[in-house]
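The residues making up each chain are set out below.
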Protein chains: 2
Amino acid sequence: MNRINLIALGVKDMNRSMTFYKQIGFKCYEDAENPPIVFFDNQGTKLELFPLEKLANDINEADPPAISNQGFSGITFAINTKTKAEVDDLMTLAESSGGVMVKKPEIVSWGGYSGYFQDPDGYYWEVAYADTWKFDEQDMLIIEP
Amino acid sequence: MNRINLIALGVKDMNRSMTFYKQIGFKCYEDAENPPIVFFDNQGTKLELFPLEKLANDINEADPPAISNQGFSGITFAINTKTKAEVDDLMTLAESSGGVMVKKPEIVSWGGYSGYFQDPDGYYWEVAYADTWKFDEQDMLIIEP
């Protein structure tokens, strides 16, 4: 496991956010008004760890944003597995490594098997599997246009 | 521009977080104690937009986490460009598309040229360039071990 399949941003106005990301150059096949969810394919991404206060200063040293990383920030990361057992294994591993199991894996409304953990700073990660999924050569979900 | 080069998590205890992510399977070359920053290479990642309240319910419908996406959540996304002009162009485009310029691009302490914007929901994005950078075939930064 060395990938992040999805970064999900919780948005308040789908059309507004979809238009914003399309305008700044992200490509997606979605052209409906107000779709329930939108995906943008991307090339590889690095995960980076950076001391929290320093990252706030990196954003603006003269006027750093107030840090409020308690509760749910609106951002989640997701790892999609190829078997149901991998979900259980990774959730167990996350918990024994210092994470917190927020939702035990279960069959969810869209038919998949999904759980959530929080990392040591409280960031949310979903681990999910569905037997209908197809993957590309980089183990990324193929979402049909 | 159809990529996210970096997802940065602001962390409170670098060793704790580095150990956590290594244990759950992310690979990095860093083996120093308490390094100033850590990068984990990944395969491709999709960016996803999801209605905020529904995403909180997806995490745990029975006990959704309290939403607190005001201020700085501790997470940033970064796009690394191949020219300085691309930084200015993308920052201008983000602003004219409904984003907010949080830090005008400037030469920063590590020698690069970097700015930050917020998307319509307030999520932070860095756009940065440095003339010392090398990229791989997916336009991902090559960070030497």
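As the structure is a prediction and not an experimental result, all values here were calculated from the model.

J.: Would you mind going over the overall build of chain A in detail, with residue names and values included?
T.: When its secondary structure is counted, chain A shows three helices and seven strands. Start at the N end of chain A and walk to the C end: the helices and strands fall as β-α-β-β-α-β-α-β-β-β. Along the longest, intermediate and shortest principal axes, the C-alpha atoms of chain A span 50 × 40 × 30 Å. A buried classification covers 43% of the 145 residues belonging to chain A. Of the contacts made within chain A by residues no fewer than 6 positions apart, 43% connect residues no fewer than 24 positions apart.

J.: Please set out the relation of the copies chain A and chain B residue by residue, giving values where relevant.
T.: The transform that puts chain A on chain B rotates by 180 degrees and translates by 0.0 Å along the axis, for an RMSD of 0.0 Å. The superposition of one copy onto the other is thereby described by a two-fold rotation axis. Of every C-alpha in chain A, the one belonging to A:Gly44 sits nearest the axis of rotation, 1.8 Å from it. Of the residues that chain A buries at the interface, 100% are likewise interface residues in chain B, meaning the two copies contact each other through the same surface.

J.: So what about the environment of B:Glu137? Which residues, and what values?
T.: Within the fold, B:Glu137 resides in the segment after strand 7 (124-129). Along the chain, B:Glu137 and B:Phe117 lie 20 residues apart, while their C-alpha atoms are 27 Å from each other.

J.: Can you tell me about the interface of chain A and chain B, naming the residues and giving the values?
T.: Counting from both sides, the interface comprises 72 residues of chain A and, opposite them, 72 residues of chain B. Of all elements in the fold, only strand 1 (6-11), helix 1 (14-23), strand 2 (38-40), strand 3 (46-51), helix 2 (52-59), strand 4 (75-80), helix 3 (84-96) and strand 5 (100-107) of chain A reach the threshold of two or more residues within the side of chain A that touches chain B. Its residues assigned to classes, the side of chain A that touches chain B shows 38 nonpolar, 22 polar and 12 charged. Taken together, the six bridges between strand 3 of chain A and strand 1 (residues 6-11) of chain B define a ladder with parallel strand orientation. Each residue of the ladder has a partner; that of A:Leu49, found in strand 1 of chain B, is B:Leu9.

J.: Now, about the environment of B:Phe20: what can you tell me, with residues and values included?
T.: Among the structural elements, B:Phe20 can be located in helix 1 (residues 14-23). With 20 C-beta atoms counted inside 10 Å, the residue B:Phe20 sits in the buried group. With residues up to four places along the chain from it excluded, the contact list for B:Phe20 reads A:Ser97, A:Gly98, A:Gly99, A:Asp119 and A:Pro120.

J.: Residues and numbers for unusual backbone geometry, please.
T.: All names here are of chain A. In this structure, Asn 34 takes a positive phi of about 50 degrees despite not being glycine. Counting through the fold element by element, Asn 34 comes out in the loop between helix 1 and strand 2. Residue classification places Asn 34 among the exposed positions, given that 10 C-beta atoms sit within 10 Å.

J.: Any details on the sheet that holds strand 7 (residues 124-129) of chain A? Residues and values, ideally.
T.: Across the sheet, which stays open at both edges, the seven strands sit in the order 2(A)-3(B)-1(A)-4(A)-7(A)-6(A)-5(A) with mixed pairing between neighbours. Either end of the sheet is taken by a strand with one partner, and the two such strands are strand 2 and strand 5 of chain A. On average, each strand axis in the sheet is inclined to that of its neighbour by 20 degrees, with strand direction left out of account. Bridge count between strand 4 of chain A and strand 7 of chain A: five bridges; the pairing is parallel. Paired with A:Ala78 across the strands is A:Glu126, a residue of strand 7 of chain A. Along the sheet, helix 1 of chain A makes contact with strand 1 and strand 2 of chain A together with strand 3 (46-51) of chain B, crossing strand 3 of chain B at roughly 160 degrees.

J.: Outline the nonpolar core, supporting the account with residue identities and numerical values.
T.: Formed by 80 residues in total, the largest nonpolar core has its most connected members in A:Ile7, A:Leu9, A:Trp125, B:Ile7, B:Leu9 and B:Trp125. With near-sequence residues (within four places) excluded, A:Trp125 lies in contact with A:Thr76, A:Phe77, A:Ile79, A:Tyr116, A:Phe117 and A:Asp119.

J.: Quick one: what's the story with the sheet that holds strand 1 of chain B, residue by residue and with numbers?
T.: Strand order in the open sheet formed by seven strands is 2(B)-3(A)-1(B)-4(B)-7(B)-6(B)-5(B), with mixed pairing between adjacent strands. The open sheet has two edge strands with one neighbour each: strand 2 (38-40) and strand 5 (100-107) of chain B. Sheet twist, expressed as the mean angle between neighbouring strand axes with direction ignored, is 20 degrees. Two strands pair when backbone bridges link them, and strand 1 of chain B and strand 4 (residues 75-80) of chain B are joined in this way by four bridges, in the antiparallel orientation. Within strand 4 of chain B, the position partnered with B:Leu9 by the bridge is B:Ile75.

J.: Summarise helix 1 of chain A; cite the residues concerned and give the values.
T.: Regarding helix 1 of chain A, the residues found buried are A:Met14, A:Ser17, A:Met18, A:Phe20 and A:Tyr21. Along helix 1 of chain A, the residues classed as buried sweep out an arc of 160 degrees about the axis, all on the same side. The inward-facing, buried residues of helix 1 of chain A contact strand 1 and strand 2 of chain A together with strand 3 of chain B. Backbone geometry just downstream of helix 1 of chain A places A:Gly25 in the positive-phi region, at approximately 120 degrees.

What counts and what doesn't
- Residues numbered from 1 in each chain as written.
- Chains lettered and ligands numbered in written order.
- Predicted model: local features only at pLDDT ≥ 70, side-chain atom pairs only at ≥ 80, totals over all residues.
- Helix = DSSP H or I, 4+ residues; strand = E, 2+ residues; numbered from the N terminus.
- Buried ≥ 20, exposed ≤ 12 C-beta atoms within 10 Å, placed from the backbone.
- Contact = placed C-beta atoms within 7 Å.
- Least-squares fit on C-alpha atoms with pLDDT ≥ 70 in both.
- Nonpolar A, V, L, I, M, F, W, Y, C, P; charged D, E, K, R; others polar.
- Pairing = 2+ DSSP bridges.
- Axes fitted to C-alpha atoms, helices over the stretch in contact; angles between N-to-C directions.
- Core = buried A, V, L, I, M, F, W, Y, C linked by C-beta atoms within 7 Å.
- Arc of directions from axis to C-beta.

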